[in-house]
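# Structural features, examined
Listed below, chain by chain, are the residues.
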Amino acid sequence: EKGTYPHFMLKEIDEQPFVMRKIIQEYQDDNDDIKLDKDIRKAMKKCDRVYIIAAGTSYHAGLIGKEFLEKIAEVPTEVHVASEFSYNFPLLSENPLFVFISQSGETADLRSVLVETKKLGHPALTITNVPGSTLSREANYTMHLHAGPEIAVASTKAYTAQMAVLAILAVDTARAKGIELDFDPMQELGIVSNAMEALCDQKEVFDQIARDYLSTTRNCFFIGRGSDYYVGLEGALKLKEISYIQAEGFAGGELKHGTIALIEDGTPVIALATQEHVNGSIRSNVQEVVTRGANDCIISLEGLDREGDAFVIPKVHRLFTPLVSVLPLQLISYYAALHRDCDVDKPRNLAKSVTVE
Ligand code: M6R
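Structure report, in brief. (Residues numbered from 1 in each chain as written. Predicted model: local features only at pLDDT ≥ 70, side-chain atom pairs only at ≥ 80, totals over all residues. Heavy atoms only, no water.)

## Structural notes on the overall build of the protein
Counting its regular elements, the protein contains 13 helices and ten strands. Relative to the globule expectation of 21 Å for 357 residues, the C-alpha radius of gyration of the protein, 20 Å, shows essentially globular dimensions. In terms of its C-alpha atoms, the protein occupies a principal-axis envelope of roughly 55 × 45 × 45 Å. Out of the 357 residues in the protein, the part that is buried amounts to 59%. Restricting to contacts in the protein with at least 6 residues of sequence separation, those with at least 24 account for 76%. The centroid of the 36 positive side-chain charges in the protein is displaced by 4 Å from the centroid of its 51 negative side-chain charges. (Helix = DSSP H or I, 4+ residues; strand = E, 2+ residues; numbered from the N terminus. Rg over C-alpha atoms; globule rule 2.2 N^0.38 Å. Buried < 20%, exposed > 50% of the residue type's maximum accessible area, 1.4 Å probe, protein only. Contact = heavy atoms within 4.5 Å. Lys, Arg positive; Asp, Glu negative; His and termini not counted. Charge placed at Lys NZ, Arg CZ, Asp CG, Glu CD.)

In structure tokens form, the structure reads like this:
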């Protein structure tokens, strides 16, 4: 039920801090260790490469998941769009582990990959919000998102839950491999939860950004580098699916290779600048588009912010920043759709779960 909320999407955005706490609760045991099926731990330790298979928003979570698995657990990881997988079937490593990320657990494109990889005898882990779902039943192992039912077609809380669960999986694997880490994932997720709450309390800022930049525009670009680029892809998907604005996410460095030709007077460009090592380069990219007339909107991180930034997000652990930086993009998309009189929860041509290939 929506309760007092006008839309499920807004309710689900607001639920994200609680989902983080629920995940901490569900994945932590009494000794403050990670609570995880021993067989998953074994499978992660045994595999020499993870193949993440997903679609849409879950694919975007997978891109961040690759960062976690490689940077935290030192597990080589590939991320594949499910519907493309069989056309570009990669040369598999000796001991692959397939990780299917799906909110619904019913996405047909993923299922057909699972059928194929099972035939080859490879193990599969499904990360889903619906433990009894098809992908969960057919895989060897399941990790539950604990996000509660997600009703709005535009996925929000499942995306942040997917990233949180992937981070926990990565940390657990690192520990099992004896890799020393200088942070506690549960503590960091607690900090993420507080930061999310702070953002949810400032909705009027995002409402205003949506009004100023997106009420009448035909298109909008999201730019970022590294993980900001991945979050930008998610921001663009969110915006296009519910507001019907043509939105695209680009790597900051790719602009000059073509996309910058599309920048005209007043074109909105939303830039994420949340990482120290690319702060200078992404800001130069913003300058390049501003010189061509773009209407820039910079979302930065506490400590890296500069005068004129549209919004500054609170600082959290470096690797966990995407869990927070996506919230402004979710809220901006929500208000843009609202101001353009779109059906926020049930956008045209889309279904919540895509059960046909
Ligand atoms: O249920 P799934 O996570 O497998 O769904 C995958 C995509 O269909 C889904 O994320 C879709 O892109 C959303 N509508 C995005 O908001």
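## Side note on the environment of S102
In this fold, S102 is placed in strand 3 (residues 96-102). Overall, the relative accessible area of 3% leaves S102 in the buried class. Not counting chain neighbours up to four residues away, the residues in contact with S102 comprise S58, T107, L110, I127, T128, N129, L135 and Q162.

## A short note on the site of the ligand
In the region of the ligand, 14 residues are neighbours, and S58, S102, S104, T107 and E241 sit closest. Here the ligand has 410 Å² of accessible area as a free molecule, and 91% of this is covered by the chains. Only helix 4 (56-71) and helix 11 (227-243) provide two or more residues apiece to the shell around the ligand. Class assignment for the residues of the shell around the ligand results in four nonpolar, eight polar and two charged. (Near = heavy atom within 4 Å. Areas by Shrake-Rupley, 256 points an atom, 1.4 Å probe, with all protein chains shown as cover. Nonpolar A, V, L, I, M, F, W, Y, C, P; charged D, E, K, R; others polar.)

## Overview of unusual backbone geometry
Of note in the backbone geometry, D32 takes a positive phi value of approximately 65° without being a glycine. Although it is not a glycine, E74 sits at a positive phi angle of roughly 55°. Counting through the fold element by element, E74 comes out in the loop between helix 4 and strand 2 (77-81).

## Focus: the sheet that holds strand 7 (residues 246-251)
Taken together, the five strands give an open sheet; going across it, the order is 7-6-8-9-10, and neighbouring strands pair in parallel fashion. Every interior strand has two partners, whereas the edge strands, strand 7 and strand 10 (311-313), have only one. Within the sheet, the average angular offset between the axes of one strand and its neighbour, ignoring direction, is 20°. Bridge count for strand 6 (residues 219-224) against strand 8 (residues 268-273) is three bridges, and the pairing is parallel. Note that in strand 8 the partner of F222 across the bridge is I270. Here helix 10 (residues 203-214) sits on the sheet and contacts strand 6, strand 8, strand 9 (295-301) and strand 10; the angle it forms with strand 9, its principal contact strand, is near 155°. Against the sheet, helix 12 (residues 279-291) engages strand 6, strand 8 and strand 9, with an angle of about 170° to strand 8. (Pairing = 2+ DSSP bridges. Axes fitted to C-alpha atoms, helices over the stretch in contact; angles between N-to-C directions.)

## Section: the sheet that holds strand 4 (residues 124-128)
A sheet is described by the order of its strands in space; here five strands give the open sequence 2-1-3-4-5, paired in parallel fashion. Either end of the sheet is taken by a strand with one partner, and the two such strands are strand 2 and strand 5 (141-144). The sheet shows a mean angle of 20° between the axes of neighbouring strands, taken without regard to direction. Across five bridges, the pairing between strand 1 (residues 49-54) and strand 2 is parallel. Note on strand 2: the bridge partner recorded for I52 is V79.

## Examining the environment of L92
Note on placement: L92 falls in the loop between helix 5 (82-85) and strand 3. Sequence-wise, L92 and R49 are 43 residues apart; in three dimensions their C-alpha atoms are separated by 8.4 Å.

## Considering the environment of A294
Relative to the helices and strands, A294 is located in the loop between helix 12 and strand 9. It is 45 Å that separates the C-alpha atoms of A294 and M44, two residues lying 250 residues apart in sequence. Residues contacting A294, with those up to four places away along its chain left out, are I263, E264, T267, V269 and V289.

## Concerning the side chain of H80
You can see H80 is positioned in strand 2. For H80, the residues in contact, after removing those within four places along its chain, are Y51, I52, I53, A54, Y59, F85 and P90.

## Regarding the pattern of salt bridges
Pairing between side chains of opposite charge can happen when the charged atoms of each approach one another. Summed over all chains, the structure comprises 18 salt bridges. Put simply, E197 and R21 hold a salt bridge, and the shortest N to O gap is 2.9 Å. Of this pair, E197 sits in helix 9 (residues 185-200) while R21 sits in helix 2 (residues 16-27), placing them 176 residues apart in sequence. Judged by relative accessible area, which is 31%, E197 ranks as partly exposed. Using a relative accessible area of 32% as the deciding quantity, one classes R21 as partly exposed. Within the structure, one salt-bridge network assembled from shared partners comprises K11, E15 and K157. (Salt bridge = Lys/Arg side-chain N within 4 Å of Asp/Glu carboxyl O.)

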